[in-house]
Amino acid sequence: MNGPAVLAAAVCVTSGLVAGVLFAVALSVLPALRAMPPDRYLQAHRLLGRNWDPTMPVLVLGSFAADLALAAWAGGRGRPVFAAAAVLLLLVSVVSHFGNVPINRRVKGTDPAAVPADWHDPRPLWRRWHLLRTVLAVVAAALNAAGLALL
């Protein structure tokens, strides 16, 4: 395998992991969190986020960087495919950073044992942001697979 093919295979794995994790959260974790009363939701949200937070940005931005490299390195029909995947992964990061992360901070700052009477449930908005980044990630992973096939 040549350099671009190895990098394309790696980006397929990393972007596939991103898409898979986000899809799994949308399919199973979100409905479970939605069914919980506020205090249990707040506690579960804190526990679930501990290991995602340091890992997912590395995977998303690593895949983005690899796609940028592939867009520059790959010739022919692969270049625009990897460039498009890079843009989508960058959008996943933007949605996460400006949509989901601020909500996560507010949730983590709310004491589950003392939920305020005027507490505004963030789950519907968090879900909308999450579904957007999930769609972006799944399309990016599909583009990366197509790009690998074009090399």
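Criteria and thresholds
- Residues numbered from 1 in each chain as written.
- Predicted model: local features only at pLDDT ≥ 70, side-chain atom pairs only at ≥ 80, totals over all residues.
- Heavy atoms only, no water.
- Helix = DSSP H or I, 4+ residues; strand = E, 2+ residues; numbered from the N terminus.
- Buried < 20%, exposed > 50% of the residue type's maximum accessible area, 1.4 Å probe, protein only.
- Contact = heavy atoms within 4.5 Å.
- Areas by Shrake-Rupley, 256 points an atom, 1.4 Å probe, with all protein chains shown as cover.
- Lys, Arg positive; Asp, Glu negative; His and termini not counted.
- Charge placed at Lys NZ, Arg CZ, Asp CG, Glu CD.
- Phe/Tyr/Trp six-rings, centres within 6.5 Å; stacked < 30°, edge-to-face > 60°.
- Lys NZ or Arg CZ within 6 Å of the ring centre and 35° of its normal.
- Core = buried A, V, L, I, M, F, W, Y, C linked by side-chain atoms within 4.5 Å.
- pLDDT = per-residue confidence, 0-100.

## Focus on the overall build of the chain
For the chain, the count of helices and strands is four helices and zero strands. Taken from N to C terminus, the helices and strands of the chain fall in the order α-α-α-α. The buried share of the chain, taken over its 151 residues, is 39%. Once local pairs closer than 6 in sequence are excluded, the contacts in the chain between residues at least 24 apart make up 82%. Summed over all atoms, the accessible surface of the chain reaches about 8,100 Å², with 69% contributed by carbon and sulfur. For the chain, the separation between the mean place of its 13 positive charges and that of its 6 negative charges on side chains is 8 Å.

## Points about the packing of aromatic side chains
One pass over the structure, following the stated rule, counts one aromatic pair. With a centroid separation of 6.4 Å and 50° between ring planes, the pair formed by Tyr-41 and Trp-119 is classed as tilted. With Tyr-41 in helix α2 (residues 38-73) and Trp-119 in the loop between α3 (78-108) and α4 (123-150), the pair connects residues that are 78 residues apart, well separated along the chain. Residues Tyr-41 and Trp-119 agree in their burial class; the two are buried. Over the aromatic face of Tyr-41 sits the side chain of Arg-123, whose NZ or CZ is 4.5 Å from the ring centroid.

## Some remarks on the nonpolar core
Across soluble globular proteins, nonpolar side chains have a tendency to be buried as a group. Counting 18 residues, the largest nonpolar core has Val-18, Leu-22, Met-56, Val-92, Leu-136, Ala-137 and Ala-140 as the members making the most contacts within it. Of all the secondary structure elements, the ones that give two or more residues to this core are α1 (3-34), α2, α3 and α4. Sorting elements by how many residues they give to this core places α3 first, with six residues. Those residues within four positions of Ala-140 in sequence are excluded, and the remaining contacts are Ser-15, Ala-85, Leu-88 and Leu-89. Formed by eleven residues, the second largest nonpolar core is a distinct cluster that contains Val-25, Leu-33, Tyr-41 and Trp-126.

## Examining the confidence of the model for the chain
Put simply, the chain has an average pLDDT of 94, and 99% of its residues get 70 or more. The lowest-confidence element of the chain is α2, averaging 93 in pLDDT; the highest-confidence one is α4, averaging 97.

## Some words on the side chain of Ser-96
Residue position: Ser-96 is located in helix α3. Contact partners of Ser-96, with chain neighbours within four places excluded, come to Val-101, Pro-102 and Arg-133.

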